[in-house]
Amino acid sequence: MIDNSLLLIGLAFALGGILKGATGAGAPLIAVPLIAMLYDVRLAVAVFALPNVVTNAVQVWQFRDARVPKLSLRFALAGAVGTGVGTLALTALNAAALLLVVAAVMLLYIGFRMARPDWSLSFALASVLAWPMGALSGVLFGISGLSAPVSLTYLNATGLDRRNFIATVTSLFLASGLVQIPLLLWYGIMSSQTILLGLAAIAPLLAGMPVGAWLARRISKQVFDKTILALLCVLAVKLVWDALI
């Protein structure tokens, strides 16, 4: 299993890295559903845990001067608490239910992006909403490995520039990951095998990021977004099929 898993998981993370390199976030949107489709959601979440912490720790340090103090701190702390709740739910749900949760999260993200592409918030309201949005992002992250339907949609609506956006979202992902890993180890979801696979997955994730940045410079944002949404839709439908059949 190790050899096949390394190849397939490496491909999933390389594709996730391309998305992260092109947009600044979103690697689990590709990596987690692909791994869940091939194996199961718990394995997908466990394998992504270490690469999540490593890559986001790097970006938190790189963009430390771009943090938005109150917003970033509130968002990250609330996300950490929500992740604990979501991880507990991950241990309780069966495999089919978890597949449906991942698919539902993806379809929610796709639907909102299509229905309200220009949705925006005032910064004052965004600061207040950082607590509930961070908590909900954390719950989704803990239970499915995906927080994008809430975290990315919310942050896109704040109008933060690229550096502030990356500093804030990576703070959330890092805080969530630091809570998630001990719980995954405690409940036996994260094993020596998933740790090794996660460590191996860091390289293709990092390798895919400059490819995504290169593509983003040559393909219009609209075309790239539509391509990603179409791919996510196919993956979501396949996850629903696997859960129900």
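Structure: see above.
Below is a summary of the structure that appears in this document. (Residues numbered from 1 in each chain as written. Predicted model: local features only at pLDDT ≥ 70, side-chain atom pairs only at ≥ 80, totals over all residues. Heavy atoms only, no water.)

### Considerations on the overall build of the protein chain
Piece 1. Looking only at helices and strands, the protein chain features 10 helices and 0 strands.
Piece 2. Scanning the protein chain from its N terminus toward the C terminus, one meets helices and strands in the order α-α-α-α-α-α-α-α-α-α.
Piece 3. Over its C-alpha trace the protein chain gives a radius of gyration of 17 Å, about what one expects of a compact globule, namely 18 Å for 245 residues.
Piece 4. When each of the 245 residues of the protein chain is scored for burial, the buried share is 51%.
Piece 5. Long-range pairs, those at least 24 residues apart, make up 85% of the contacts in the protein chain with a sequence separation of at least 6.
Piece 6. By element, 71% of the accessible surface of the protein chain is carried by carbon and sulfur atoms, the whole surface being about 11,000 Å².
Piece 7. A distance of 8 Å separates the average location of the 15 positive side-chain charges in the protein chain from that of its 7 negative side-chain charges. (Helix = DSSP H or I, 4+ residues; strand = E, 2+ residues; numbered from the N terminus. Rg over C-alpha atoms; globule rule 2.2 N^0.38 Å. Buried < 20%, exposed > 50% of the residue type's maximum accessible area, 1.4 Å probe, protein only. Contact = heavy atoms within 4.5 Å. Areas by Shrake-Rupley, 256 points an atom, 1.4 Å probe, with all protein chains shown as cover. Lys, Arg positive; Asp, Glu negative; His and termini not counted. Charge placed at Lys NZ, Arg CZ, Asp CG, Glu CD.)

### A closer look at the nonpolar core
Piece 1. Core analysis: the largest hydrophobic core is formed by 72 residues, its most contacted members being F13, V41, M106, Y154, F165 and L232.
Piece 2. When residues in this core are grouped by element, the largest group, 11 residues, is from helix α3 (residues 41-62).
Piece 3. Apart from residues lying up to four places away in sequence, V41 is in contact with A36, L90, L98, L99, V102 and I143. (Core = buried A, V, L, I, M, F, W, Y, C linked by side-chain atoms within 4.5 Å.)

### Here's the deal with the layout of surface pockets
Piece 1. For the second largest pocket, the calculated volume is near 170 Å³.
Piece 2. Of all the secondary-structure elements, those providing two or more residues to the lining of the second largest pocket are α4 (69-92) and α8 (162-186).
Piece 3. Considering only residue class, the lining of the second largest pocket consists of 7 nonpolar, 2 polar and 1 charged. (1 Å grid on protein atoms, 1.4 Å probe; cavity = no way out; pocket = protein on both sides within 12 Å on 5 of 7 lines; lining within 4 Å. Points joined across faces, edges and corners; volume = space filled by probe spheres on them. Nonpolar A, V, L, I, M, F, W, Y, C, P; charged D, E, K, R; others polar.)

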